[in-house]
Amino acid sequence: MSSPPPVSSAAPSAGAGLNLAQQEAVNYLHGPCLVLAGAGTGKTRVITHKIGRLIQSGLKPEQIAAITFTNKAAAEMRERAKSLIGKPARGVLICTFHALGVRMLRQDGAALGLKQQFSILDSDDVSSILKDAGGSTDAATVRQWQWAISRWKNMGLNAAQAGAQASGDEERLLARIMAHYEERLSAYQSVDFDDLIGLPLKLLQEHEAVRNKWQAALGHVLVDEYQDTNATQYEVLKLLVGPSGRFTAVGDDDQSIYGWRGATLDNLKKLPLDYPTLKVVKLEQNYRSTSAILRAANNVIGPNPKLFPKTLFSELGEGEPVRVVDCDSEEHEAERVVARIQSLRLGAELQAAGSQFKEWKDFCVLYRANHLAKPFEKAFRKAQIPYKVSGGQSFFDRAEIKDLCSWMVLLVNNDNNPAFIRSVKTPKRGIGHTTLGALSAFADTYKLSLFESLFSNSLGSVLPAKAVGSLQEFGRYLNDLEYRAKRCVGFEAARLFLTDWLKEIDYEKHLYDGEESEKVAAARWSNVMDFCDWVAQRCGGQITDAAGATVERESKTMLEMVQTIALLSTISEREGEQNVVTLSTLHAAKGLEWPHVVLAGVNEGLLPFKLEDDDGSNTENLAQRLQEERRLMYVGITRAQRTLAVNWLRKRKKGRDMIAGVPSRFIAEMALDQATVKEDPREKLKALRAEFAKKSAETLAAAAAAQGR
Ligand code: ATP
Ligand code: MG
């Protein structure tokens, strides 16, 4: 066994170095720059260091924007920038394209007729509006509409334009549904995720003053994971930086894994054409993985066509061979992963002094689809291994959290009809479907929002006095809450406000009344408490952190806070790193790294995903999908620093059936040395435990002998 390479899971220290190519990219300040390099070569590190360099060169932190792919990546970059540059890092705008869009629309959306209090709809909100707009309750149909409308929006088309270029009746019908959908969004003062890119683009394209303002405000824009931007995002970037092209984009064409969501490698191809003075920097040294891991990664990505050829090398030593583990079933696989984690930890303990103890956070299990996490969760619980699931069901998708969010959204934006309907019904307050139906019809007739309709003099002509009374009571309560919310600043005040509000609407009782089991209701109530605490913390001021220390957080208004909730997927996105094993989808693992990685369920049908279901009629499409799956495998392999295990299942579930499992073609493509790769972690664990017991007995005997002496 070769000795472990000197890799640590800790963040780099502030003074850590850069190689020559990285320095070249960091020091190139005045023109467009593209860093194009493979995984783990320090692209993200270039961005963080360049922020510091730009400030050093005289830019104000506020003039710098760094755009990341996820909120989590933004939080991490903020941390790294802070430890590198200190306080000035606070002023730098580090966020996702979507969060940047929120900021632009909040500042300048009025030019598009958008109020500052607009709401952001999540995918569930969108589908319920589409159900209404298109008159269908079939979830699959509505989902198809949602995808198609999103695709049109990403191509920069509105309903009228989509209708004009529609081919066939089906597309024409869809364009009409899109038109209804657009009307509703504008009536509700709401935007969807695509609008957070599309509307800022419209702003920059059509409003010169706004464009000039942003170009003057931003001295440099940095973009991480550039290969996964879509066409609209690229247009936004171009208009933000203007003709001088002061930007730095970093990316890797081999890691483009969001083609299914409209990301396009054309953005990479276009850069040198749109910016002839573009400086292209290539990085070739990988600082993350051992040679054994890197070789497997290079072999897998080999068959894909290359946009830019690159050769990656690592100086971290050969390291442990990549292991292929065959498992009988998902449950068996989970047991094997538990055994692997335990044996790696035990092995580290047994090693000579100076070896690094393996913490839980050093381990990660990656899989293709969310539902594959379940067996691991069960096995980890049984073995008492702490873990977190990232990229799975969003905390904010839970019914109880959506209830509370809809109330908050309604406080901020009274005109948001979907939020109005959800809030008025939770908890129930004797306002039924008939009343709401009549109110909706009234609002439609007079082009009012539901909230505005409550106090209209003529509402009494369509509803009985009792119903009008209940509705107005609800309206008055909202007004009162809004009045109080506006006056609560800081953590303590916000917490008090939230506690009072939950008591007033009797939300706890609502949960217990609605659930068949007390246990479920209690879990939901506990989520509500977590949520309230989190909201209060985000209102800023002086708060006590997890370690009991008093810290001062930047104050946020309720408006800002509530507006960005829809962009978050987990409540822990802003929390520091926890010492737990990570369970994650491959997509959510982009840009991250762990010392020990297990790729789970590397089977045909899972990774690559469901190619066999394709009827094969569109071979070009099939080839492209296979290439994207191969890039996903490459992303997975290159997350590992020191050890990598690749599992496949002899039997796997497909729908309700169990089918024979076939190892993924990507396993063969890794071209591992067959003699060394197979391993049964449970056997290894048994041997290690025996050795550990022997060592412990020896230590005890030695201690007893010393005492007796
Ligand atoms: P990915 O393609 O996965 O996003 P990346 O190219 O962004 O990877 P980073 O995450 O920036 O790579 O860097 C990978 C690892 O290598 C990190 O742990 C980083 O701290 C380390 N690293 C990068 N450059 C250097 C360097 N010059 N010296 C030492 N360590 C480095
Ligand atoms: Mg990166």
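Residues numbered from 1 in each chain as written. Chains lettered and ligands numbered in written order. Predicted model: local features only at pLDDT ≥ 70, side-chain atom pairs only at ≥ 80, totals over all residues. Heavy atoms only, no water.

Undergrad: How do you make sense of unusual backbone geometry when you look at a structure like this?
TA: Generally, phi is negative for residues other than glycine and the peptide bonds are trans, each holding for most cases. The omega torsion across Thr-426 and Pro-427 is -15 degrees, close enough to zero to call that bond cis. Mapped onto the elements of the fold, Pro-427 is located in the loop between helix H17 (417-425) and helix H18 (433-446). Backbone geometry places Asp-506, a non-glycine residue, at a positive phi of 60 degrees. With respect to the helices, strands and loops of the structure, Asp-506 is situated in the loop between helix H21 (491-505) and helix H22 (507-514). A positive phi angle, close to 50 degrees, is found at Ala-671, a residue other than glycine. Position of Ala-671 among the secondary structure elements: in the loop between helix H26 (665-669) and helix H27 (674-677). Ala-671 sits in the exposed class, given a relative accessible area of 51%. (Helix = DSSP H or I, 4+ residues; strand = E, 2+ residues; numbered from the N terminus. Buried < 20%, exposed > 50% of the residue type's maximum accessible area, 1.4 Å probe, protein only.)

Undergrad: It is not clear to me how the pattern of salt bridges should be interpreted in this structure. Could you clarify?
TA: It is possible for side chains bearing opposite charge to pair when their charged atoms get close. What the rule picks out here adds up to 33 salt bridges. We note a salt bridge from Arg-495 to Glu-492, for which the minimum N-O separation is 3.8 Å. Note that Arg-495 and Glu-492 are positioned in helix H21 at a spacing of three residues, about one turn of the helix. Taking relative accessible area as the criterion, Arg-495 reaches 36% and is therefore assigned partly exposed. For Arg-631, the salt bridge is made with Glu-628, and the minimal N-O distance between the two is 3.4 Å. A residue pair is termed a helical-turn pair when its members lie 3 or 4 positions apart in one helix, as Arg-631 and Glu-628 do in helix H25 (residues 619-637) at three residues. Each of the two residues, Arg-631 as well as Glu-628, counts as buried. If you follow the salt bridges from partner to partner, you end up with Lys-153, Asp-192 and Asp-195 in one network. (Salt bridge = Lys/Arg side-chain N within 4 Å of Asp/Glu carboxyl O.)

Undergrad: For this particular structure, what's the right way to read the packing of helix H5 (residues 123-134) against helix H6 (residues 139-154)?
TA: Between two packed helices, both the angle of their axes relative to each other and the distance between the axes serve to describe the pair. Relative orientation of the contacting elements H5 and H6 amounts to 105 degrees, with a least axis distance of 9 Å. Comparing the axis directions of H5 and H6 gives the class roughly perpendicular. In contact with Ser-123, Val-126, Ser-127, Leu-130, Lys-131 and Gly-134 of H5, H6 contributes Val-142, Trp-145, Gln-146 and Ile-149. (Axes fitted to C-alpha atoms, helices over the stretch in contact; angles between N-to-C directions. Parallel < 35°, antiparallel > 145°, perpendicular 65-115°, else oblique. Contact = heavy atoms within 4.5 Å.)

So yeah, pure geometry; function would need other evidence.
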